[in-house]
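The lines below spell out each chain.
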Amino acid sequence: MKSTPRTRKLGESVREALADVLMTEVQDPRLELATITSVQVSSDLGVADVYVIAHGGQDRYDALLDGLHSADKRIRAALARRVQMRIVPELRYHIDTSVDEGMRIAEALKDVPPGLAGNAE
């Protein structure tokens, strides 16, 4: 999706509203400790890609996505009450793998042999 200042601002508003909805209105244990990292709204404002993370492995991610899909109608209704939009976008949920990849890279860098790290002298 191409990002414009308008869609970036709207995406941030939607992200904040969704975070509030998950904390206050959705009581699904599969959504506990879920974090919305970003929202990218399409240029026609009809679709919003929601990126989420949760601590745990693939099973935890699958449960998180199942919980989000099952609560989608309630989430969109609550979002409509919080964000002033003519049409509430369709929400598409994705796991944000960037945090896991960053942690994996950080762990790999801890194991770099001293000879490969270079001399900073």
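The coordinates are above.
First, a word on scope: everything that follows refers to the structure included in this document. All figures in this text were calculated on a predicted structure; none of them were measured in a lab.

### Points about the pattern of salt bridges
As enumerated under the stated definition, the model contains seven salt bridges in all. Among the salt bridges present, the one from Glu25 reaches Arg82, with a minimum N-O distance of 2.8 Å. Highlighted residues: Glu25 in the loop between helix H1 (5–24) and strand E1 (35–41) and Arg82 in helix H3 (residues 72–82), separated in sequence by 57 residues. Ionic pairing is found between Arg92 and Asp49, a salt bridge with its closest N-O pair at 2.9 Å. With Arg92 in strand E3 (residues 90–95) and Asp49 in strand E2 (residues 47–53), this pair connects stretches of sequence that are 43 residues apart. Residue class for Arg92 comes out partly exposed when judged on its relative accessible area of 37%. In this structure, a network of salt bridges that share partners links the residues Asp20, Glu25, Arg81 and Arg82.

### Let's talk about a nonpolar patch on the surface
Together, Ile105, Leu109 and Val112 make up an exposed nonpolar region whose accessible area comes to about 260 Å². Here Val112 lies in the loop between helix H4 (98–110) and helix H5 (114–117). Relative accessible area serves as the criterion here: at 33%, Val112 is assigned to the partly exposed category.

What counts and how
- Residues numbered from 1 in each chain as written.
- Predicted model: local features only at pLDDT ≥ 70, side-chain atom pairs only at ≥ 80, totals over all residues.
- Heavy atoms only, no water.
- Salt bridge = Lys/Arg side-chain N within 4 Å of Asp/Glu carboxyl O.
- Helix = DSSP H or I, 4+ residues; strand = E, 2+ residues; numbered from the N terminus.
- Buried < 20%, exposed > 50% of the residue type's maximum accessible area, 1.4 Å probe, protein only.
- Patch = residues over 30% accessible without salt bridge, like charges linked within 9 Å, V, L, I, M, F, W, Y side chains within 5 Å.
- Areas by Shrake-Rupley, 256 points an atom, 1.4 Å probe, with all protein chains shown as cover.

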